[in-house]
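# Structural overview
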Amino acid sequence: MREGLKVLVADFGGQYAHLIARRCRELGVYSEIVDPELVGGELERGGVGGVIFSGGPRSVFEPDSPSIDLQPILGKGVPILGICYGHQLLAKLLGGRIEAGRLREYGRTRVEVLEYDKLLEGLPRRVSAWMSHGDAVVEPPPGFRVTSRSESGIVTSMSDEIRKIYSIQFHPEVVHTEHGREILRNFLEKICGIKPWWSPGDRIGEIVEEIRRIVPEGERVICAVSGGVDSMTTAVLVSKAVGDRLYCIFVDHGLMRKGEREGVEKSLRKLGVKNLIIVDARERFLRRLRGVADPEEKRRVVGEEFIRVFEEEASRIPGVRWLAQGTIYPDRIESGRASRKAALIKSHHNVGALPERMNLKLIEPLRDFYKDEVREIARRLGLPDEVVRRHPFPGPGLAVRIIGEVNEEKLEICREANAIVEEELKHSGLYDRVWQGFAVVCNDKWVGVMGDERVEGYIVIVRIVESVDGMTADWHKIDHEVLERISNRITREVPGVTMVAYAATSKPPSTIEPC
Ligand code: XMP
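I will try to describe carefully the structure that is included in this document. As the structure is a computational prediction, the values presented were derived from the model and not from experiment. (Residues numbered from 1 in each chain as written. Predicted model: local features only at pLDDT ≥ 70, side-chain atom pairs only at ≥ 80, totals over all residues. Heavy atoms only, no water.)

What follows concerns helix α4 (residues 85-94). Burial analysis of α4 places eight of its ten residues in the buried class, which makes it a mostly covered element. Among the residues of α4, those classed as buried are Tyr85, Gly86, His87, Gln88, Leu89, Leu90, Ala91 and Leu94. Buried residues belonging to α4 abut β3 (48-53), β4 (80-83), β5 (97-99), β8 (136-139), β10 (155-160) and β11 (165-168). Positioned one or two residues after α4, glycine 95 has a phi angle of 95°, which is positive. (Buried < 20%, exposed > 50% of the residue type's maximum accessible area, 1.4 Å probe, protein only. Helix = DSSP H or I, 4+ residues; strand = E, 2+ residues; numbered from the N terminus. Contact = heavy atoms within 4.5 Å.)

Here we take up the sheet that holds strand β16 (residues 361-363). Taken together, the five strands give an open sheet; going across it, the order is β14-β13-β12-β15-β16, and neighbouring strands pair in parallel fashion. Edge strands, defined here as strands with exactly one partner in the open sheet, are β14 (275-280) and β16. Strand-to-strand, the axes of this sheet are offset by a mean angle of 30°, without reference to chain direction. Of the strand pairs in this sheet, strand β12 (residues 220-224) and strand β13 (residues 246-252) are connected by four bridges, and their pairing is parallel. (Pairing = 2+ DSSP bridges. Axes fitted to C-alpha atoms, helices over the stretch in contact; angles between N-to-C directions.)

Turning our attention to the nonpolar core. Ranked by internal contacts, the top residues of the largest apolar core, which has 52 residues, are Ile222 and Ile490. With seven residues, the single largest contributor to this core is helix α14 (residues 408-427). Non-local contacts of isoleucine 222, meaning those with residues more than four positions away in its chain, are made with Leu246, Tyr247, Ile249, Phe310, Ala314, Ile317, Val320, Trp322, Leu323, Ala324 and Leu360. If you look at the next biggest cluster of nonpolar residues, it comprises 39 residues, including Ile207, Leu268, Val273 and Val374. (Core = buried A, V, L, I, M, F, W, Y, C linked by side-chain atoms within 4.5 Å.)

Over its twelve residues, helix α5 (residues 180-191) runs 15 Å from end to end, which matches the ideal 16 Å to within 8%, given 1.5 Å per residue. Of all the positions in α5, only Gly180, Ile183, Leu184, Asn186, Phe187, Leu188 and Ile191 are classed as buried. Looking one or two places after α5, you find glycine 193, whose phi comes out positive at around 70°. (Expected span 1.5 Å × (residues − 1).)

Let us now look at the packing of helix α7 (residues 229-242) against helix α12 (residues 371-381). Across the interface, α7 lies against α12 with an axial gap of 10 Å and an inter-helix angle of 50°. Our classification of the angle between α7 and α12 gives oblique. Crossing of α7 against α12: the hand is left-handed. Here Val229, Asp230, Thr233, Val236, Leu237 and Lys240 of α7 lie close against α12, whose contacting residues are Lys371, Val374, Ile377, Ala378 and Leu381. Its residues placed into classes, the contact of α7 with α12 shows seven nonpolar, one polar and three charged. (Parallel < 35°, antiparallel > 145°, perpendicular 65-115°, else oblique. Left-handed = near helix turned anticlockwise from the far one by under 90°. Nonpolar A, V, L, I, M, F, W, Y, C, P; charged D, E, K, R; others polar.)

Take a look at the structure:
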């Protein structure tokens, strides 16, 4: 077994592609997503122990569907695992037979193992697997044996153990596939021969070294801190690297959670950050947001204003050349920046909305990490528990939890209702068991009665989700007593609310935040 090798995930455009990298890392093998055409070059550079071809939305029958040059991979004897689209692509490139539109087995499907190879070792005969594609492999390429089939007879896995090529129709990276984790572990350990070696917490030294290397002596860094785990971790990493050449800036845009400003100040002081500048920009942001109802426009306005405030502050500190940001991997993925082929879902604040004209260089020490990996780093750095455990909060803050125009009235309702949801989650012991819980203020009103009076008030939607990395999420099946307490407190304690609703939709099809 070899240590220190990474696995490449050739991205054929599916959102699932990114989960594959995530799972490999959980299994202790560092994994990176690359464009298929860059795989050859990466192999030349060395250090690669295996290549996984991801799923993707296209059909191999489309004339311009994405493909890959197999020669450099086979030439080096690096094992390949094809998943979904990757499975069909391997069949196509190596001479198997695929039928268009044949696969009608979407979602959960039963798969029967016919022969055990290294990939399926240790699995039971029958597995429930998650599939999502239209085309299907009906005959494997020469040299391959079929190792499993689905109920309708299509080839759900096949392998050529001599050339170390394995492929499966279903998705081992999703939790809905039974034994998916074992399949990936088999690939990494038994087929690629990689001994688990990677853990995010062990990377701190390297990250600090890298920041030290790229920021020249004498140049200063400003860091946007919001109080969330990403920006606080970024600040601590950068301060370890450059000491008091770091200036942390907290922009109070008025879209923060209740008590956030005070909390940030206390935590950062405790962490020994010397230069902390707090900018009160509440009025400025509200003014810019007036009349803006479109979600993407709102994100753009907040992002742009944010950077402006930053530039103004930076210009007051001599020698500032760098901006450190807490961008994490899913932010890049969902903004379409990690890969050209992933569709843009929403322009996350700290990435897509950055104005091009910004003239500071960026440091993003967490750009390759997922949220729970960041939490592990934060814990290792000794950040306070309340920061490490804190639910994620979007960069544009409460602006994305208000549907339609942001005004002071809706903002106040949103802030108070969010605080109630957080408090009740903490009281009931749910806070640490869910990914996120928050309240959204709708634009429409609901008629209510107050004594004998007819009143119109806002509708507040409570959303609580479970997730591993924010990429997909299940709505939390909340205990009705907890929900009732939340609902009662919101209508009683927050003036202007006449209805509380609970969001019962997962991601997909919804995103977690409403805007
Ligand atoms: P969505 O709403 O895209 O959110 O399903 C996925 C996760 O990301 C958080 N989120 C953001 N985080 N900047 C951030 O740093 C943003 O602009 C942003 N928008 C959403 C969201 O809270 C969820 O945890």
